Amino acid sequence: MADRDTLPLPLEVRARLAELELELSEGDITQKGYEKKRSKLIGAYLPQPPGGDPSLPQERRTPVTPSSSSRYHRRRSSGSRDERYRSDVHTEAVQAALAKHKERKMAVPMPSKRRSLVVQTSMDAYTPPDTSSGSEGEGSGQGDSQGTPTSSQGSINMEHWISRAIHGSTTSSTTSSSSTQSGGSGAARLTDLTAQTHIGPIAHLSLKRKSKTGTVENGNSLRRSCEFGSELTWQPLETEENHCAPPDVTTYTSEHSIQVERPQGSTSRSVPKYGNAELMETGDGVPVSSRVSAKIQQLVNTLKRPKRPPLREFFVDDFEELLEVLQPDPNQPKPEGAQMLPMRGEQLGVVTNWPPSLEAALQRWGTISPKAPCLTTMDTNGKPLYILTYGKLWTRSMKVAYNILHKLGSKQEPMVRPGDRVALVFPNNDPAAFMVAFYGCLLAEVVPVPIEVPLTRKDAGSQQIGFLLGSCGVTVALTSDACHKGLPKSQTGEIPQFKGWPKLLWFVTESKHLSKPPRDWFPHIKDANNDTAYIEYKTCKDGSVLGVTVTRTALLTHCQALTQACGYTEAETIVNVLDFKKDVGLWHGILTSVMNMMHVISIPYSLMKVNPLSWIQKVCQYKAKVSCVKSRDMHWALVAHRDQRDVNLSSLRMLIVADGSNPWSISSCDAFLNVFQSKGLRPEVICPCASSPEALTVAIRKPTDDSNQPPGRGVLSMQGLSYGVIRVDSEEKLSVLTVQDVGTVMPGGLMCVVKPDGVPQICRTDEIGELCVCSIATGTSYYGLSGMTKNTFEVFPMCSSGAPVSEYPFARTGLLGFIGPGGLVFIAGKMDGLMVVSGRRHNADDIVATALAVEPMKFVYRGRIAVFSISVLHDERVVIVAEQRPDSTEEDSFQWMSRVLQAIDSIHQVGVYCLALVPANTLPKTPLGGIHLSETKQLFLEGSLHPCNVLMCPHTCVTNLPKPRQKQPEIGPASVMVGNLVSGKRIAQASGRDLGQIEDNDQFLFLSEVLQWRAQTTPDHTLYTLLSSRGTIASSLTCLQLHKRAEKIAAMLGERGHLQDGDHVALVYPPGIDLIAAFYGCLYAGCVPITVRPPHPQNIATTLPTVKMIVEVSRSACIMTSQVICKLLRSKEASAAVDVRTWPPVLDTDDLPKKRPPQVYKPSDPDTLAYLDFSVSTTGMLAGVKMSHTATSAFCRSIKLQCELYPSREVAICLDPYCGLGFVLWCLCSVYSGHQSILIPPSELEINPALWLLAVSQYKVRDTFCSYSVMELCTKGLGLQTESLKSRGLDLSRVRTCVVVAEERPRISLTQSFSKLFKDLGLHPRAVSTSFGCRVNLAICLQGTSGPDPTTVFVDMRALRHDRVRLVERGSPHSLPLMESGKILPGVRIIIANPETKGPLGDSHLGEIWVHSAHNSSGYFTIYGEESLQSDHFNSHLSFGDTQTIWARTGYLGFLRRTDLTDASGERHDALYVVGALDEAMELRGMRYHPIDIETSVIRTHKSITECAVFTWTNLLVVVVELDGSEQEALDLVPLVTNVVLEEHYLIVGVVVVVDIGVIPINSRGEKQRMHLRDGFLADQLDPIYVAYNM
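Below, the structure is looked at part by part. (Residues numbered from 1 in each chain as written. Predicted model: local features only at pLDDT ≥ 70, side-chain atom pairs only at ≥ 80, totals over all residues. Heavy atoms only, no water.)

### A closer look at the overall build of the protein
Part 1: Of the regular secondary structure elements, the protein holds 41 helices and 61 strands.
Part 2: Considering the protein as a whole, with its 1591 residues, one finds that 62% of them fall into the buried category.
Part 3: Partitioning the intrachain contacts of the protein with sequence separation of at least 6 by distance along the chain shows that 76% fall at a separation of at least 24. (Helix = DSSP H or I, 4+ residues; strand = E, 2+ residues; numbered from the N terminus. Buried < 20%, exposed > 50% of the residue type's maximum accessible area, 1.4 Å probe, protein only. Contact = heavy atoms within 4.5 Å.)

Okay, here's the thing in C-alpha cells:
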C-alpha cells in the first residue's frame, strides 16, 4: 500500500514535467494549458482503474500529483534519531489538529459579495476537460468509470490523498515563506513552484521517516495513518464534502451536496442547509424569508458555542467600564532552571600572516598575486560574465578612491572628505562594480552606505532609506553605468529627487569614466582603528530604517572570527547566492573572502529565478568548498532538481545556511540532505548560522570532520514557548516546534541570554530570552541615534543579585533563543516577529508556517504570507495577509481561511483577529522579492490594502471587554424624597417662564377667530410671502386675501364635498400659500385638516403608498389638492403603485367658487380637534397626534413670547410644512402673532443653494428657522462660494437667531461647521441653535431672542452607557460634546424620569424627558385601536414624589443641568440636553448605546465612508456603511470599522455591510431610517457590495 501512488514515469517525461511546472510558476503558461500538456504527457502512464474493487478505493486525483519513484521512500538517513525529531512533524500536527476540529466543524457563514467583485474565473477553473486527465477530481465525485465505490470510501480515500500530498510538499517548503518573510530577501514567484497545484516528482521528499528501525516500508512501524495506513485513526478532513469544490454550507444551491456516510461507525450528521426555505422572524416577530437572515442566524449559532473563554470577575466601579485586566494563568509554566552562565566562544587565535587591516590585505593580494581570481559574475544564462582579479580590484579601487577624494567639488572645497558617508547604489547582478566601489571607499577612508536601487519614486520603504541617507549626511551616490542609465529620469534627463531623499550627486564608478591617479598618489593604508568602516542599513518592525555603524576594528575582527570558525584557507572557492550588500552575503562574499584571497562565484537573484539549480551547478563546476545560501535556495533546488546525473556535491565542506536561525529552515535542511546525500553531500556540511545587523554573526555551526556527531535538535512545546519557557516535547505532539542548533558562540565572543523586556536580567537555563553578545566584532551604534544606541549596543546584563555580568557592554542581537547543552545556541524567533497577545508571546514565523501547512498550494502563494499584530483595545491582535491564487474560487479560499483559523487556534492557542487574502502580486515587495511587512501593515491600517477576501474573528479573540453590566436596583420611594432631593441629589426638573398676562389677540380661543379679527383690523397687512428659486416673490397673502380664500374653500367643501362638522380632510399640497389657505378653509368649514407631503413625481412607487396610508389611517373624507397633483394621483404610474379606485373624493382648489359660505363655523368646545399632525418617526412608525384648539392657541402663544413675534417683525422659514414645529411656523404663527413669514420651500434650495441665506440677507431678517438638511445643503453646496457671496452683498450680521427645527440630539458638528463657514459673512456663532420637539409635544424647547446663549457640555460616553452623566473636560478621551436643545418654552415643565420605574431622577442621571404643558398633544390618532398601549405616553404619573401632575412621555433620553448663567427672570438657567430616542437606543452587553455615537466613529475611520447606520439584530451589531469609491475598497473597510467600534465603544461588530451611496434611507427631516434599513437588509433588498460576518 505504501507505494501504490508511484508512477513509473521515464526520466525524459519527468524532466519535461518539471519544466512545465517551472513555466507555470513563472506565469509563462496558464493553469489550463498546464493541465492539458501535463495530461498529454502522463496520460499513457496512468494505471487503468481497477474494476470497482472496494478494498482498493478508487484513486481520486486531488490537485497534488502523487510523488514519483519509490526510491525516495526507501532512502532513509541512517543514524538513530528519535522519530519525534522529524522536521515535518509540524505539518502533521496541523493536519491532526484540523482533523480533531473536523468533529465540531465551524459553521462560518461565507461573506456575500456582489457579482462584480467575484473573480470571473472561479468556476471555469474548476471544470476539467476530462476526468482522466488527472487534473482536479470534481467530475469524479460520485465514483469511477466502471464500478461505483460508495461515496464514503471515495471521500475517505480523498482524505488520504490530501493529507499525503500536504505532508509531502509543504514540509519541504515551509521555510521559504518564513525566510522571505523575515529575511526580506524572500522568494519571488519561484517559491510558488511548490505551491503549484501539481507538485512534481518530489512531492514526498520529507516523508522519510527517521526511525529506530531504519526504514519504514509498509508503514508497519510507527505508522501515521495520514500517510500510509489504510484504516483511519483520525477523522478525515473533509468527510462531509467532496473535496475539490466543497459545498458551502451557507449558500443556497445544492449543486454539490453529496451526502456522505461517515466512515467506521462515526455518527452521521446531516449538513444544515440554510436557504430561502428557512423562515426566520425579525425583531418584531414578522417572519422574513431571506438568505441574509439565515446567514446571520448561522453566525448567531456559531457564536453561541462556548468558544470564548469566560470573562473573569472583577470589581466594577460605579462609573468606569474597566477593561478586563489579564490575570496570569495559575497553571502557566514557569522557568525552574538555575541562572545561566554567560558562554564564551573559543579564543580568537592570532595567525601571524593575518593582515593588520582589510585594505592591507587587498594591497597584499593585489600586488603579489594580481592574476588570482577574486570574483566571478554570471549572466542570466549562467555563463561567467566577468572575472575580477585581485590585481584589477586593487587598481580600480585605488582609482575610485582617488576620484572620490580629488575629482568631486573643487580643489579648495572637495565634496567628500575622509570620514564622510557616501551611498552605494548597485543592482544585484553587478557584484564586481559594488566590490570595487566598496574597497574604493575603504581606501579613501570614506564610509560606504550600501542601499537598494530605487526603482520608482514610490518604492516600498524607499522613503525610509531616504531618511537614513539624510540623517547620515550623504550627498554623493556611487553607482554603475548600467544602473545610472536605468534610474527614472525627468524630462530634462535629470535624476529626480526620490521621495524623502536628500539631494544627491550621482557618480559613476566605471573605470572609463574616471581619471587615472597620478604616479605619486597612493592611498594611506593604516592599521584597523575605531573609525567607522561602513554602515549597514536595517529595516525595523515599524518600517523605519536605521544605519548600523561597523568600525574598522570590528570589521577586521569579524573577518578573523569567521575565518577561524569556518576554517577558511587561501584560494578556496566559495559560491554566494546571498545579497552581497549586507548581512552574511557581504561578510563572506565581499569582506572575509578578500582577507583570505578566496575566489567568490556570485549568483544573482535574477539567475536563480530562471534556473534555481544554478548554484548547485556552479558548486560542481568550480568544485567549490563553501556555499552561502538561504533555505529558500535549497528549497528551490529541490523543486527544480531533475534527477541530474552529473550533480556531485562532494567538494563542499561547508554549506552556510544564512537564515538557519529561522525555526522553519530545519525542514529545508533535512529535505535537501535527503535528496542530495546520494549526490555526495555529507550531513555535517550543512552549517546553519545566526546573524543580525547589530551583532553581525552571532553563532555558526562549524564544519566537523566527524560525521557521527549528530547536530543538536530540540522539540519544544509551543505552549511553553508562548510563556518564554523551554519545555521539551509535550505529550500530545501537536503543538511543538522543532529547532536546530546554529552552532556555538563566535570565537572571541561572550554570549548571554537576557529577558526580552525591562531590565536586562539574565535568564534561567530553561527560559527563552534575547541573545546578547559581548565582542569586538559587533556593530557599535545606530548612526545618529544615541538613545537607541545605548539601549541596544551598551547593555549591561545583570545577575539576579543585581550585579553586572561583565564590565564590558553587550549588544542585543534581536534574536530570541537559549543556549542548550554543550554550548549549542538555539534560536526560537526574532524580536521583530514577536507578538505579545494577552500576555503570551507568539512568533510571526511560526504562525506563517502553520498557515502554510494547511494545504497551501491550492489557494495561496507560498512565501507571500505576512503575519503581524496590530494594537486594538489595549492588546495585540494577530493579522494574517496572504496572496490568493487567481484560480481559486471564493468557496475554496473561504474554506482555507476557516481551516487556517482552526489550525492556529489548536497549535498556538491564539485567535486570529483578521485573515485577509489579496489578489496575486499586490503586496508590497522588498527589493529581493520578499514581503515588505511594515508597508503591508501600514496599508492594512490605513485601509488601502484592497483585499479580495476578509475574515474577521473579533468574537473569538477579543477577551478583554468590560463585563456586561447588571442593572442596579433604582432608589425606591422608601428613600423618601426630602424637599427636592432624591437620595442626596437635586431632582432633575425645570420649567419655562409663565405665559404671562393676556394681550389683545390672546382673548381668542380659536385661530379662525384670530384670522377674522386680523382681516377686519389690518386687512392689507402682508402675512405670507413665498419665494421662488430665483429669490423673487412668487406669491403673497395679506390678512384679507387669506380670509377670502379660506371662505371660498369652506364654501367648496360644503358644496362639492358635502362634508359634515368634524370630517377629516387630507391637504396634499406642495409647500406654499395654497396649503395655508386650504388649512384655514377647513377651520372655517369646521373640518379637521391633515397636511400630507405630496408624492414625488420622479419616485411615485415609494412615495405614493405613504400618502395613501396617511389618508386611510386618518380616515379622511376627502382630499384637497392642486390640479397638477390631482392628475398625478390618477396617473398610470400611480395605479401601478396603489389602488387608485379607493381614493376618497379629490377636490382641486385651483378654480374656486365665487361665493362665500353661509357662516363661518365656530367650534363649541375649545378642547375639540383643531387638526391632526402625522409624521413618520425615525423607527419608521407612522404616528398621528391630535391637536385641540386649546393646545394650538397655547402653542402659538408660547412661541410668540419666546421669539418676541409682533406684526412689525419678519421671519424667514425654510422648512417642510407638513408636521411638527415646521407646520406650526409655516401655517399658524403668522396668523396668531401677525408677523410676516417669508416662506422658502426647501426643495428650491436644490436648484439654488444660496436662496435661503440671500433671502435672510435681503429682507434683513433677524429670526430664521431651517432644518438640518437645509443646513447641510448650504454647508456642502456653498462651502467654496463664500467669497463670491460676500461680493454679492450677502450679509448675515443682523441674524439674531437661526434655529434648526429637529426631533433629535443636536448635530453639533454640522451646526459648528455652518457657523464657522458663514462667520465671514457676519453670522454670529451664538445665533445658531436648535429646537426640540416630539410627538407628544411638538415643541418643548426653542432658542428665543432673550435668554442666555446655548451651552455645550462634554460628557463621558462610557458613563452615558450606564445612564449616568459625568461631565469631563473638552478633548478628554471618550468625551462626547452635547449642545443644549434651545430654551424651554413658556408654560412648559420638564422632569427627568426613569423610563422603567417611572421614578424621578437626580440631575446626574440620564433618563426619559417627561413634559407637562398646555400645548401637549391630546393623544395618538390611529386606526389600529392601540390607543391603550400608548395612553401612558400622554398621561403618566410619577411612581413617587409629585404623583398628581399628569406628564407626557417624550420617548427621548436626556438630562438637565443647572448652569451658571441667569435667564431673563434672574433665575439660574436650567439647560436641557437631548441624548437620543429611547426607541433607537440599543441595549448591548447590558449598556445603552446610541446609534449616532457609533456611526460618528465609523464615518471618521476612512475617507471613503460617506454615511453609516447601525442597528441590532438578535444581539448582533450590524454596521452599514456607504462607500464612495471603487468597489475594490469595500473590503478594506471591514477591519477598520471593526477596530474603531471596539476601541471607542467596547463593542464587537457582528456584520459589516458595504453598500452604494444613497442606500441608507433618510426621512424628510434628514434623519436616518434605521429600521427601514434593517428590514431591507433582512429581506436582502440592499444589493450590498459586500457583507462580512465577523466570527
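Having seen it, we continue.
### Digging into the packing of helix α8 (residues 358-368) against helix α10 (residues 431-444)
Part 1: In the contact formed by α8 and α10, the axes pass within 10 Å of each other and the chain directions differ by 115°. What the angle tells us is that α8 and α10 run roughly perpendicular. Here α8 runs over α10; the crossing is left-handed. Within the contact between the two elements, α8 uses Leu358, Glu359 and Leu362 and α10 uses Tyr439, Leu442 and Leu443.
Part 2: Each residue belonging to the contact of α8 with α10 can be placed in one class, and the counts come to five nonpolar, no polar and one charged. (Axes fitted to C-alpha atoms, helices over the stretch in contact; angles between N-to-C directions. Parallel < 35°, antiparallel > 145°, perpendicular 65-115°, else oblique. Left-handed = near helix turned anticlockwise from the far one by under 90°. Nonpolar A, V, L, I, M, F, W, Y, C, P; charged D, E, K, R; others polar.)

### Concerning the pattern of salt bridges
Any two side chains of opposite charge can pair, on the condition that their charged atoms come close.
Part 1: With the rule as written, the count across this model stands at 47 salt bridges.
Part 2: In this structure, Lys581 engages Asp579 in a salt bridge whose closest nitrogen and oxygen atoms are separated by 3.2 Å. Both residues of the pair, Lys581 and Asp579, belong to the buried class.
Part 3: Linking Asp1263 and Arg1209 is a salt bridge whose minimum nitrogen-to-oxygen distance equals 2.0 Å. Highlighted residues: Asp1263 in strand β46 (residues 1263-1266) and Arg1209 in the loop between α31 (1189-1203) and β44 (1210-1214), separated in sequence by 54 residues. Side by side, Asp1263 and Arg1209 carry an identical accessibility label, which is buried. (Salt bridge = Lys/Arg side-chain N within 4 Å of Asp/Glu carboxyl O.)

### Brief notes about unusual backbone geometry
Part 1: Phi is positive for His874, which is not a glycine, with a value near 60°.
Part 2: You can call His874 exposed: its relative accessible area is 63%.
Part 3: The backbone phi angle of Arg1115 is positive, close to 55°, even though this residue is not glycine.

### A word on the environment of Gln1569
Part 1: Mapped onto the elements of the fold, Gln1569 is located in the loop between β60 (1549-1555) and α41 (1570-1578).
Part 2: In this structure Gln1569 comes out as buried when scored by relative accessible area, which is 4%.
Part 3: Along the backbone, Gln1569 and Gly1180 are 389 residues apart, and their C-alpha atoms lie at a distance of 6.3 Å.

### Thoughts on the sheet that holds strand β26 (residues 825-830)
Part 1: The five strands are arranged β4-β22-β23-β25-β26 in an open sheet whose pairing can be described as antiparallel. Of all the strands in the sheet, the pair left with one neighbour each is β4 (343-344) and β26.
Part 2: Bridging between strand β25 (residues 811-819) and β26 involves five bridges; their strand directions are antiparallel. Looking at the pairing, Leu815 lines up with Lys830 of β26. (Pairing = 2+ DSSP bridges.)

### Considerations on the sheet that holds strand β24 (residues 781-782)
Part 1: Strand order in the open sheet formed by three strands is β11-β12-β24, and the pairing between neighbours is antiparallel. Across the chains shown, the open sheet's two edge strands, defined by having one partner strand only, are β11 (532-539) and β24.
Part 2: Summarising the sheet, strand β12 (residues 545-551) and β24 pair through two bridges and their orientation is antiparallel. Its bridge partner being in β24, Thr549 is matched across the sheet by Ser781.

### A few points about a positive patch on the surface
Part 1: Taken together, the side chains of Lys32, Lys36, Lys37 and Lys40 define a basic patch exposed on the protein surface.
Part 2: Note on placement: Lys37 falls in helix α2 (residues 31-43).
Part 3: Given the relative accessible area of 40%, Lys37 is considered partly exposed. (Patch = residues over 30% accessible without salt bridge, like charges linked within 9 Å, V, L, I, M, F, W, Y side chains within 5 Å. Areas by Shrake-Rupley, 256 points an atom, 1.4 Å probe, with all protein chains shown as cover. Lys, Arg positive; Asp, Glu negative; His and termini not counted. Charge placed at Lys NZ, Arg CZ, Asp CG, Glu CD.)

### Side note on the environment of Glu1303
Part 1: Mapped onto the fold, Glu1303 is located in the loop between β47 (1297-1300) and α36 (1308-1317).
Part 2: The class of Glu1303 is buried, set by a relative accessible area of 10%.
Part 3: Once the C-alpha coordinates of Glu1303 and Gly1333 are considered, the two residues, 30 residues apart in sequence, prove to be 5.2 Å apart.
Part 4: Discounting residues that sit within four places of it in the chain, Glu1303 has contacts with Phe1332, Gly1333, Cys1334, Arg1335, Tyr1452, Arg1565 and Glu1567.

### Comments concerning the environment of Phe1223
Part 1: Here Phe1223 lies in helix α32 (residues 1220-1233).
Part 2: Between the C-alpha atom of Phe1223 and that of Pro1071, which follows or precedes it by 152 residues, the distance is 9.9 Å.
Part 3: Apart from the residues lying within four places of it in its own chain, the contact partners of Phe1223 are Phe1079, Thr1091, Tyr1171, Asp1216, Pro1217, Tyr1218 and Leu1228.

### Quick notes on the pairing of strand β45 (residues 1236-1239)
Part 1: Here β45 shows two buried faces, one formed by Gln1236 and Ile1238 and the other by Ser1237 and Leu1239.
Part 2: Relative to β45, β44 is paired through four bridges, and the arrangement is parallel. Looking across to β45, one finds that Ile1213 is bridged to Leu1239.
Part 3: Note that the unit made of β44, α32 and β45 has a crossover that is right-handed. (Right-handed = clockwise from strand over helix to strand, strands pointing away.)

### Observations regarding the packing of aromatic side chains
Part 1: Inspection of every chain in the model, using the stated rule, returns 23 aromatic pairs.
Part 2: Seen from their ring centres, Tyr402 and Trp521 are 5.3 Å apart, and the 65° between their planes marks the pair as edge-to-face. Here Tyr402 is found in helix α9 (residues 390-406), whereas its partner Trp521 is found in the loop between β10 (505-508) and β11, with 119 residues between them in sequence. In this pair, the class of Tyr402 matches that of Trp521, namely buried.
Part 3: Here the aromatic cluster, defined as three or more aromatic residues joined through ring pairs, consists of Phe426, Phe434, Phe438, Tyr439, Tyr534 and Phe580.
Part 4: A cation over a ring is seen here: Arg364 above Trp365, with NZ or CZ 5.1 Å from the ring centre.
Part 5: In this structure, Lys1108 is placed above the aromatic ring of Trp1143, and the distance from its NZ or CZ to the ring centre is 5.3 Å. (Phe/Tyr/Trp six-rings, centres within 6.5 Å; stacked < 30°, edge-to-face > 60°. Lys NZ or Arg CZ within 6 Å of the ring centre and 35° of its normal.)

### So, the nonpolar core
Part 1: Membership of the largest hydrophobic core comes to 89 residues, with the highest contact counts inside it found for Leu1053, Tyr1080 and Met1120.
Part 2: Take this core: its biggest share by element is eleven residues, from helix α27 (residues 1073-1085).
Part 3: Counting residues in hydrophobic clusters, the runner-up holds 76 residues, among them Val476, Leu514, Trp521 and Val600. (Core = buried A, V, L, I, M, F, W, Y, C linked by side-chain atoms within 4.5 Å.)

### Side note on the side chain of His1545
Part 1: Looking at the secondary structure, you find His1545 in helix α40 (residues 1533-1545).
Part 2: His1545 gets classed as buried once you look at its relative accessible area, which sits at 1%.
Part 3: Of the polar contacts made by the side chain of His1545, one reaches the side chain of Ser1497; its length is 2.8 Å.
Part 4: Beyond its immediate chain neighbours, meaning those up to four positions away, His1545 contacts Met1357, Arg1361, Tyr1489, Asp1493, Ile1494, Ser1497 and Val1540. (Polar contact = N/O pair within 3.5 Å; in protein donor to acceptor, adjacent residues only side chain to side chain.)

### Quick look at the packing of α9 against α10
Part 1: As a packed pair, α9 and α10 sit with axes 7 Å apart at the nearest point and diverge in direction by 60°. Put simply, α9 runs oblique to α10. As α9 packs across α10, the resulting crossing turns out to be right-handed. Seen from α9, the contacting residues are Leu393, Trp394, Arg396, Ser397, Met398, Val400, Ala401, Ile404 and Leu405; seen from α10, they are Met435, Val436, Ala437, Tyr439, Gly440, Cys441, Leu443 and Ala444.

### Considerations on α8
Part 1: When we look at burial in α8, the residues that qualify are Leu358, Glu359, Ala360, Ala361, Leu362, Trp365 and Gly366.
Part 2: Next to the buried residues of α8 lie α9, α10, α13 (552-566) and α14 (583-595).

### Digging into the pairing of strand β31 (residues 912-919)
Part 1: With respect to burial, β31 is a largely interior element, seven of its eight residues being buried.
Part 2: As paired elements, strand β30 (residues 876-884) and β31 share seven bridges and run parallel to each other. Its bridge partner lying in β31, Glu883 is registered against Val918.
Part 3: After leaving β30, the chain enters helix α22 (residues 890-908) and then returns to the sheet as β31, a path that is right-handed.
Part 4: With four bridges connecting them, β31 and strand β32 (residues 949-952) associate as antiparallel partners.

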